[in-house]
Amino acid sequence: MYTTLISVPQLQTLQAQHTQVLVIDCTCDLMQPAVGPQQFHEQHIAGAVYADLNDNLSAQDAHQAVNGGRHPLPKREVFVQWLERIGLTDDMQVVVYDRNGMNYCGRLWWMLKWCGHEAVAVLDGGWQAWLAAGGATASGEAPSRAPSGFTLKAPLVSLVDTATVAAQLGQPQQTLIDARGAPRYRGEVEPIDPVAGHIPGALNRPFNSNLTEQGFFKSPEVLRAEFLELLDGRTPQSVVHHCGSGVSAVPNVLAMEVAGLGRSGLYAGSWSEWCTTPGLPVAKG
């Protein structure tokens with residue numbers, strides 16, 4: 001079972017052994033939503049299905065959302081209906097990937113853990129690594145899959161809400177890590193949300209800090225050293241990750257787990273929910 005990262009050779013070996021593997025492409029362009037599906041249609045890993053951030057991995061109806069912000073999580077029961085439509089079963093290994101530095105596929109990795117499915121891993125190096133290795137590709141629509149039965153189980157990850165973050169602000173039991181780029185964190189620019197700045201006391205680690213120049217996750221040893229330096233004596237068990245809308249925070253969740261620092265919390269509402277909730281403080285700089 002692969003539960004964090006899987007390499008291209010490891011995935012190819014599973015496929016060659018005819019292991020039950022479901023590969024899911026999560027390629028996305030936040031500013032141009034049609035681009036992700038278009039790129040999948042043009043070329044994708046052979047046999048993969050597509051997951052759309054807006055349509056499949058976020059709530060379309062506020063009544064079906066479990067949090068606020070720009071990409072609210074759908075209720076688990078609603079999300080499972082989609083998992084069954086794409087043919088996921090309890091005994092399948094899932095591999096998720098994208099063309100975006102493993103940013104968007106992390107969302108699905110986390111959501112499957114949230115539904116109790118441990119056997120899900122991010123393809124290290126993503127689409128680019130698959131192409132470079134000469135992996136099999138296909139174009140057009142995903143192959144049709146028979147609907148399945150999937151058992152919703154207890155969450156394997158910690159979802160943190162706005163009230164909890166606010167109540168524990170400044171307390172030693174909570175260490176916030178913001179995954180947005182440094183200029184957004186400092187409040188110098190804000191291209192998306194109505195308010196610039198960050199949650200008071202949050203540390204900053206942009207999600208792409210976890211990758212090498214070649215586009216792979218850094219080694220566990222390097223990641224561990226970098227996170228421990230950032231935490232500066234704070235306990236890893238206190239960490240709650242967030243970003244703009246709960247998506248690009250997940251690479252930091254994954255990186256800490258790869259580093260052997262445990263599975264930390266996710267504030268899915270993130271800055272987009274925080275900054276639109278009346279009465280909550282904002283910091284800059």
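Predicted model, so just to flag it, every value in this text is computed and none were measured. (Residues numbered from 1 in each chain as written. Predicted model: local features only at pLDDT ≥ 70, side-chain atom pairs only at ≥ 80, totals over all residues. Heavy atoms only, no water.)

Caption draft 1: Quick look at the overall build of the protein chain. Looking only at helices and strands, the protein chain features ten helices and twelve strands. For a compact globule of 285 residues, the expected C-alpha radius of gyration is about 19 Å, and the protein chain comes in at 18 Å, within 12% of that figure. Referenced to the eigenvectors of the C-alpha coordinate spread, the extents of the protein chain come out at roughly 50 × 45 × 35 Å. In the protein chain, which comprises 285 residues, the share counted as buried stands at 53%. For the protein chain, the proportion of contacts with a sequence separation of at least 24, taken over those separated by at least 6, is 76%. Approximately 11900 Å² of the protein chain is accessible, and the part contributed by carbon and sulfur atoms is 52%. Taking the average location of the 18 positive side-chain charges in the protein chain and that of its 26 negative ones, the two points are 4 Å from each other. (Helix = DSSP H or I, 4+ residues; strand = E, 2+ residues; numbered from the N terminus. Rg over C-alpha atoms; globule rule 2.2 N^0.38 Å. Buried < 20%, exposed > 50% of the residue type's maximum accessible area, 1.4 Å probe, protein only. Contact = heavy atoms within 4.5 Å. Areas by Shrake-Rupley, 256 points an atom, 1.4 Å probe, with all protein chains shown as cover. Lys, Arg positive; Asp, Glu negative; His and termini not counted. Charge placed at Lys NZ, Arg CZ, Asp CG, Glu CD.)

Caption draft 2: Local environment of the packing of aromatic side chains. This model, assessed by the stated rule, comprises four aromatic pairs. Aromatic side chains Phe40 and Tyr50 sit 5.4 Å apart centroid to centroid with 40° between the ring planes, which places their arrangement in the tilted category. Separated by ten residues along the polypeptide, Phe40 in helix 2 (residues 35-42) and Tyr50 in strand 4 (residues 49-50) bring together distant segments of the chain. Phe40 gets classed as buried once you look at its relative accessible area, which sits at 5%. When its relative accessible area of 16% is taken as the criterion, Tyr50 is described as buried. (Phe/Tyr/Trp six-rings, centres within 6.5 Å; stacked < 30°, edge-to-face > 60°.)

Caption draft 3: View of the state of the cysteines. Per the stated rule, a full pass over the model turns up zero disulfides. Not part of a disulfide, Cys28 finds its nearest cysteine sulfur in Cys26, a span of 9.3 Å. For Cys28, a relative accessible area of 9% gives the class buried. Take Cys115: it sits in no disulfide, and the sulfur closest to it among the cysteines is that of Cys26, at 14 Å. The exposure class assigned to Cys115 is buried, which follows from its relative accessible area of 0%. (Disulfide = S-S within 2.5 Å.)

Caption draft 4: View of the sheet that holds strand 5 (residues 93-97). Strand order in the open sheet formed by five strands is 1-6-5-2-4, with parallel pairing between adjacent strands. At either margin of the open sheet sits one strand with a lone partner, and together these are strand 1 (5-6) and strand 4. Pairing geometry for strand 2 (residues 21-25) and strand 5, over five bridges, is parallel. Note that in strand 5 the partner of Asp25 across the bridge is Tyr97. Here helix 4 (residues 105-114) sits on the sheet in contact with strand 2, strand 5 and strand 6 (120-123), set at roughly 170° to strand 6. (Pairing = 2+ DSSP bridges. Axes fitted to C-alpha atoms, helices over the stretch in contact; angles between N-to-C directions.)

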